[in-house]
Amino acid sequence: MLSNSVKRLFVRQIKCSIRTTGVRSLSAAEDVTSLTKPVEKFKGDYDVIIAGGGMVGCTLACAMAKDSILSNLKVLLLEGSPNKEFKLKTDYSNRVVALNQNTKTLMTSLDVWQRVEKMRLQPVRYMQVWDASSDAMISFSSSELLDDDVAYIVENNVLLHAINQELASSKNNISIIYDAKIAGYQLPKQDNSRVKSHVQMANGDTYTCQLLIGADGANSAVRKAMGVQYLSWNYDQMGVVATLNLAEECTNTTAWQRWIPSGPIAILPLDSKRSSLVWCTWQDHAQQLLKLPEDQFVDALNDALWKQYPRSGSVETVTSWTTSWLRRVGLPDGAARQLPPSIRNITPNSRAAFPLAFGHSTRYIAPGVVLIGDAAHRVHPLAGQGVNLGFGDVADLTAALSNAMYSGLDITHTAWMSTYESTRQRHNVPTQVMIEMMHRLYTVDLMPVVLARSVGLQITNALQPLKKMIMSHAAS
Ligand SMILES: Cc1cc2nc3c(=O)[nH]c(=O)nc-3n(C[C@H](O)[C@H](O)[C@H](O)COP(=O)(O)OP(=O)(O)OC[C@H]3O[C@@H](n4cnc5c(N)ncnc54)[C@H](O)[C@@H]3O)c2cc1C
């Protein structure tokens, strides 16, 4: 019964949220040839225009500058925000990401990782995830599983700065314009045509290109102009972030995540004294947390990390039976666990909150256009996968395009674009589904659901090959 009602809810949400967002943005959309003549403010023609210079768009530009074939392309990166001067401060930024091994490999190949290491990053060598509604937990340790670090915590602005530094020192086929608000697009209609995309800037400038890449984030205007279906819903949740000062200094290479009924609270290590918070909770609660005086916010956080939530007797009985059975058959029973750190205080004014939503573009490509990063897919941050998926897009896009050009194919040939789309969707869609299932499973407080997820977690924790499989998918 329960599964039927959950299914109905899911189907209803899908029906409500499938939106055909595509209106080709400029009025003469189908007659692009009429605009190919330079107009008054025509500013230039490029092989590739990347719309959006966030972490994913900048990484793509860097990868294109470093690839021996793609570095012959004339590329323009348009970023709407100003080019802020970066200075590494003693205080950590409140915006951090957990990066996986695949991202490390990509960034190392671009010489970006070395620059991040020179600034700062923190390796995660152990991760513990536990359920507040039962005794179930799962842990991942680098020594047991990967013989390498589980993840790396890096501030968004440190990573972006490292990418931009590398971009500046690479081959000069990339032009970057900051403060460049794009107002609309006019896209070609047919595959493999010679018709170019037109990019209309808010200040009246226009550019043309053969290949347009939408790296313009979750509200992507490129995606809207493509007219593809976009499946999306809001979680009515926000991620509250802050920089935390720990009560005691320690090695601090553990990432902690406690699932409480309102959502997960993650404490990610920064250095021996500090960690970064991502507290996912309902919108009203998030707003309240932001308004609390800082000392009361810390009390609320320590409470959420340590508080004993009401537990069902049946769940307790079955999970303790599972623990003893696991012990009897010689499997890890999850009884040995580490205790999370206590928080002393937060770095003043480091709190902020970000809305959380799901988004999936059914197509990543259209004639002469490709989507990457959050423009194509958006996930709940509970598994720390969002930007890692975007960096995976960058790696696969550059490989597919470079191979295609090496074989003499055109820059907008459907063959490489379809390869890119299918390769990425084969990875991204199952990841999105898994994250969505976890979110749904852990925001329900009904006894049978708590029971099923707790026993599931205990058994997963006991089976090393299964944990290895999860980690290798999360790392790729
Ligand atoms: C609380 C929280 C925690 C997270 N933690 C993690 C984590 O641990 N690990 C992880 O992998 N991911 C994490 N994520 C997800 C991650 O932050 C995103 O996936 C990532 O920022 C997406 O990068 P992007 O470059 O695709 O898009 P964005 O960062 O949105 O960049 C898009 C860029 O396009 C520009 N742009 C948009 N429109 C225009 C326009 N019209 N004209 C010109 N420029 C434009 C914007 O200015 C922006 O710079 C987290 C997200 C949240 C909210």
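Source: prediction; values computed, not measured.

What counts and how
- Residues numbered from 1 in each chain as written.
- Predicted model: local features only at pLDDT ≥ 70, side-chain atom pairs only at ≥ 80, totals over all residues.
- Heavy atoms only, no water.
- Helix = DSSP H or I, 4+ residues; strand = E, 2+ residues; numbered from the N terminus.
- Buried < 20%, exposed > 50% of the residue type's maximum accessible area, 1.4 Å probe, protein only.
- Areas by Shrake-Rupley, 256 points an atom, 1.4 Å probe, with all protein chains shown as cover.
- Near = heavy atom within 4 Å.
- Polar contact = N/O pair within 3.5 Å; in protein donor to acceptor, adjacent residues only side chain to side chain.
- Patch = residues over 30% accessible without salt bridge, like charges linked within 9 Å, V, L, I, M, F, W, Y side chains within 5 Å.
- Salt bridge = Lys/Arg side-chain N within 4 Å of Asp/Glu carboxyl O.
- Expected span 1.5 Å × (residues − 1).
- pLDDT = per-residue confidence, 0-100.
- Contact = heavy atoms within 4.5 Å.
- Axes fitted to C-alpha atoms, helices over the stretch in contact; angles between N-to-C directions.
- Parallel < 35°, antiparallel > 145°, perpendicular 65-115°, else oblique.
- Left-handed = near helix turned anticlockwise from the far one by under 90°.
- Nonpolar A, V, L, I, M, F, W, Y, C, P; charged D, E, K, R; others polar.
- Pairing = 2+ DSSP bridges.
- Phe/Tyr/Trp six-rings, centres within 6.5 Å; stacked < 30°, edge-to-face > 60°.
- Lys NZ or Arg CZ within 6 Å of the ring centre and 35° of its normal.

Draft legend 1. Structural detail: the overall build of the protein chain. Regarding its fold elements, the protein chain presents 14 helices and 21 strands. Buried positions account for 51% of the 476 residues belonging to the protein chain. As displayed, the protein chain has an accessible area near 21200 Å², and 54% of this comes from carbon and sulfur atoms.

Draft legend 2. Geometry of the site of the ligand. Of all residues adjacent to the ligand, which total 26 residues, the nearest are E79, G80, A98, D374 and V387. A distance of 2.9 Å separates a nitrogen atom of the ligand from a polar atom in the backbone of G80. Here an oxygen atom of the ligand sits 2.8 Å away from a polar atom, N or O, in the main chain of V387. Protein contact buries 81% of the 1000 Å² of open area that the ligand shows by itself. Elements with a contribution of two residues or more to the shell around the ligand: α2 (55-66), β4 (96-99) and α11 (386-406). For the shell around the ligand, the element with the most residues is α11, which contributes three residues.

Draft legend 3. A nonpolar patch on the surface, seen in detail. Residues I459, L463, L466, M469 and I470 make up a contiguous nonpolar surface patch of about 390 Å² in total accessible area. The leading source of residues in the nonpolar patch is helix α14 (residues 464-474), at three residues. Inspection of the secondary structure puts I459 in helix α13 (residues 447-462).

Draft legend 4. Structural context of helix α6 (residues 156-169). Here α6 is 14 residues long and its end C-alpha atoms lie 20 Å apart, about the 20 Å a rise of 1.5 Å per residue gives. Considered for burial, the residues of α6 that qualify are N156, V158, L159, A162, I163, E166 and L167.

Draft legend 5. View of the confidence of the model for the protein chain. Taken as a whole, the protein chain shows an average pLDDT of 88; of its residues, 90% reach a score of 70 or greater. For residues 1-38, every residue scores under 50 in pLDDT, and the model assigns this stretch 58 contacts once sequence neighbours within four places are set aside.

Draft legend 6. Main features of the environment of T412. Of note, T412 is situated in the loop between α11 and α12 (414-442). A residue is classified by how much of its surface remains accessible, and T412, at 6% relative accessible area, is buried. Separated by 219 residues in sequence, T412 and S193 have C-alpha atoms that sit 8.3 Å apart. Side chain to side chain, T412 and D410 meet in a polar contact 3.0 Å long.

Draft legend 7. Broad picture of the packing of α2 against α11. Running from N to C, α2 and α11 point in directions that differ by 25°, and their axes come no closer than 9 Å. Taken as axis vectors, α2 and α11 run roughly parallel relative to one another. In this structure, α2 meets α11 at a crossing whose hand is right-handed. When α2 is examined against α11, the residues M55, V56, T59, L60, A63 and M64 are found in contact with a partner set consisting of V387, G390, F391, V394, L397, T398 and L401. Along the lines of polarity and charge, the residues of the contact of α2 with α11 split into ten nonpolar, three polar and no charged.

Draft legend 8. Region of interest: the sheet that holds strand β5 (residues 122-124). Reading across the sheet, the three strands line up as β4-β8-β5 and stay open at both edges, with antiparallel pairing between neighbours. Two strands bound the open sheet, and with one partner strand each, they are β4 and β5. Here the average twist between neighbouring strands, direction ignored, is 25°.

Draft legend 9. View of the packing of aromatic side chains. Enumeration according to the criterion identifies seven aromatic pairs in this entry. Ring centres 6.2 Å apart and planes at 85° place the aromatic pair W130 and W256 in the edge-to-face group. Of this pair, W130 sits in strand β6 (residues 126-131) while W256 sits in strand β14 (residues 254-260), and the two are 126 residues apart along the sequence. Sitting over the face of the ring of F354, R95 holds its NZ or CZ atom 3.9 Å from the ring centroid. Over the ring of F297 we find R351, and its NZ or CZ is 4.9 Å from the ring centre.

Draft legend 10. Representation of the environment of R120 within the structure. With respect to the helices, strands and loops of the structure, R120 is situated in the loop between α4 (112-119) and β5. On the basis of relative accessible area, R120 is assigned to the buried category, the value being 15%. As for R120 and L159, which are separated by 39 residues in sequence, their C-alpha atoms are 9.5 Å apart. At a separation of 2.8 Å, a polar atom in the side chain of R120 contacts the side chain of E155.

Draft legend 11. Structural context of the pattern of salt bridges. Per the counting criterion, the structure on display carries twelve salt bridges. In this structure, K196 engages D45 in a salt bridge whose closest nitrogen and oxygen atoms are separated by 2.7 Å. Placement of the pair is K196 in the loop between β10 (182-186) and β11 (197-201) and D45 in strand β2 (residues 42-51), with a sequence separation of 151 residues. With its nearest N and O atoms 2.8 Å apart, the salt bridge here joins D131 to R453. Of the two residues, D131 sits in strand β6 while R453 sits in helix α13, which places them 322 residues apart along the sequence. Classification of D131 as buried rests on a relative accessible area of 2%. For R453, a relative accessible area of 5% translates into the label buried.

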